[in-house]
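Examining the three-dimensional arrangement
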Amino acid sequence: MPSTLPAKSRTAPVGDRAPVTPATSAPSAGGAAVALVAALLGFTVITVDVSAVNIALPGVRADLHGGMTGLQWVVDAYTLMFAALMISAGALADRAGARRAYAWGTGLFALASLACALAPGIGTLIAARVAQGAAAAVVMPASLALIRQAYDDPRRRARAIALWTVGGSVAMAAGPVLGGVLTETVGWRAVFLLNLPVGALILALLTRTAPSPRRPAPLDVPGQIAAVTALAGLAYAVIEGGHAGWTDPGVLAAVAVAVLAAVAFRAAEKRHRAPMVPLPMLRQREVGVSLAVGFAVNAGFYGVVFLLGLYCQQLLGMSGIATGLMFVPLAVLITSTNLVSPRMAERVGRRPVIVTGQLVLAVAMFALLPLGADTPLWLVLLLLAPTGVGGALAVPALTALLMDAVPGHRAGTASGLLNSLRQTGGALSVALFGALIGGGTGTAEGFAVGGMRQGLVVVGVTLLVTAGLSGWLLPRRPGAGARG
């Protein structure tokens, strides 16, 4: 009977070894499938929460009376905690075992969702979203680590990861539909209540999966505090800078805090005997490029979902349901492209697929520049199409590339790093677009088309830069062999 610890991890370099507590039994084919379904549901529900809430924002504003700044924090309080804690949460998945960490995260996410649904004011909602983001930070890397440990064969694992990615991508695109329907028919609070039965189902499935191996190690508390401080300071500077001005003393202070915290983070990682971000791992080309690409791809996708949710409702006067339905073609494109991407990567190699996906997404940013108050809906749908194709093409190949580039016992850490950078890209994109389309007023009533176009250019250029880095630095060989 094969070990549940992937064979890769037994060939890890000596300097990267850590004691591992093996699982008690190996997963059967059926057990691996149950683990995949559980992981897929968790990734889906925490992703739906992002895109569905984007469409519910006008309802939140009407009920809780939050301006543009408040709405940005409703989105970014979740995303920033998601991003900042995911790095150490990935290590937690390695240390506590993926199954146990996943159960903890799912339970906390359900409780935080209930708190969001019961929030009496915008401040309480933002606080509950912080707790939701912390829980999601545990769920995301633990779900991917659960798959990594359930599938030893690289090809089967790549296909399982592709299915996992499909769930998240479809959730991101279908979430607006769900958010629009629930907000218009039941109310925005139903968007959060929906998470409760899904969380219960995930916990039930986890009782049928094999225990995960554990790698005990001390937590990197100084590094985690520095990471949270750096990201929070950066997000505050971007959000408040767009409304208060970039020379505002509070904004400049936030920038200084972010820079100092980033320096402290690097120092903490160099000195800690069990850092949450092993700096030597970042020197691998595949790892460094994967992180940069993940940041840029999510900046494009999350930014467009946030942008168009407000554009359609505030500038075009569409209802929440109509706005949500507008994303249905996008969901179809994402699903079909996610399924095609792994096969393309097997045939022509991961590098061409990753580069092409970024170029298509960059084209999508520039294609949206003509949008205005009089743009017909059919043209909006047409211009939105490349957004779904680009990100969905790049992400499966990117995720599989990273998982094969690191030892098996570092799967949770690598997953946490990738998804932390992806969420950071999304959070900063939302902050940027919110600051620019708000026109510096801090209210949600106006929609500055010029600001929207500035944001699209910034994100489009970023994608072109990361596409160039991918083409230059990633291996040229087709496919990808796993590294020990």
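Residues numbered from 1 in each chain as written. Predicted model: local features only at pLDDT ≥ 70, side-chain atom pairs only at ≥ 80, totals over all residues. Heavy atoms only, no water.

1. Notes on the overall build of the protein chain
- Each helix and strand counted, the protein chain has 17 helices and zero strands in total.
- The buried share of the protein chain, reckoned over its 484 residues, is 60%.
- Long-range contacts, defined as pairs at least 24 residues apart, comprise 85% of the intrachain contacts of the protein chain with a sequence gap of at least 6.
- Just so you have it, the protein chain exposes about 17,300 Å², and 69% of that area is on carbon and sulfur atoms. (Helix = DSSP H or I, 4+ residues; strand = E, 2+ residues; numbered from the N terminus. Buried < 20%, exposed > 50% of the residue type's maximum accessible area, 1.4 Å probe, protein only. Contact = heavy atoms within 4.5 Å. Areas by Shrake-Rupley, 256 points an atom, 1.4 Å probe, with all protein chains shown as cover.)

2. Section: the pattern of salt bridges
- In total, this model carries four salt bridges according to the counting rule given.
- Put simply, Arg 129 and Asp 49 hold a salt bridge, and the shortest N to O gap is 2.5 Å. Of this pair, Arg 129 sits in helix α4 (residues 122-150) while Asp 49 is found in helix α1 (residues 29-64), placing the two residues 80 residues apart along the sequence.
- Note on Arg 129: relative accessible area 1%, which makes it buried.
- Ionic pairing is found between Asp 404 and Arg 350, a salt bridge with its closest N-O pair at 3.3 Å. (Salt bridge = Lys/Arg side-chain N within 4 Å of Asp/Glu carboxyl O.)

3. What about the packing of aromatic side chains?
- Inspection of every chain in the model, using the stated rule, returns three aromatic pairs.
- Centre to centre, the rings of Trp 188 and Phe 192 are 6.2 Å apart; their planes meet at 90 degrees, and the pair counts as edge-to-face. As far as the burial class goes, Trp 188 and Phe 192 line up, both buried. (Phe/Tyr/Trp six-rings, centres within 6.5 Å; stacked < 30°, edge-to-face > 60°.)

4. Comments concerning the side chain of Ser 429
- For Ser 429, the position within the fold is in helix α16 (residues 411-437).
- Within the local environment of Ser 429, its side chain forms a polar contact with the backbone oxygen of Ala 299, the two atoms lying 2.7 Å apart.
- Beyond its immediate chain neighbours, meaning those up to four positions away, Ser 429 contacts Ala 299, Gly 303 and Val 459. (Polar contact = N/O pair within 3.5 Å; in protein donor to acceptor, adjacent residues only side chain to side chain.)

5. With respect to the environment of Ala 101
- The residue Ala 101 is located in helix α3 (residues 98-117) in this model.
- Taking the relative accessible area as the measure of exposure, Ala 101 reaches 0% and is therefore buried.
- Separated by 12 residues in sequence, Ala 101 and Ala 89 place their C-alpha atoms 8.4 Å apart.
- Once you skip the residues sitting within four places of it in the chain, Ala 101 turns out to touch Leu 92, Ala 93, Val 138 and Ala 142.

6. Overview of a positive patch on the surface
- On the surface, a cluster of positive charge is contributed by Arg 266, Lys 270, Arg 271 and Arg 283.
- Counting through the fold element by element, Arg 266 comes out in helix α9 (residues 249-271). (Patch = residues over 30% accessible without salt bridge, like charges linked within 9 Å, V, L, I, M, F, W, Y side chains within 5 Å. Lys, Arg positive; Asp, Glu negative; His and termini not counted. Charge placed at Lys NZ, Arg CZ, Asp CG, Glu CD.)

7. Regarding the confidence of the model for the protein chain
- Chain-level statistics for the protein chain give a pLDDT mean of 81 and a share of 88% at 70 or above.
- pLDDT under 50 marks residues 1-26. Its contacts with residues more than four places away, or in other chains, come to 60 contacts.
- Under a pLDDT of 50 for its full length, residues 478-484 has, in the predicted model, 22 contacts with residues more than four places off or in other chains. (pLDDT = per-residue confidence, 0-100.)

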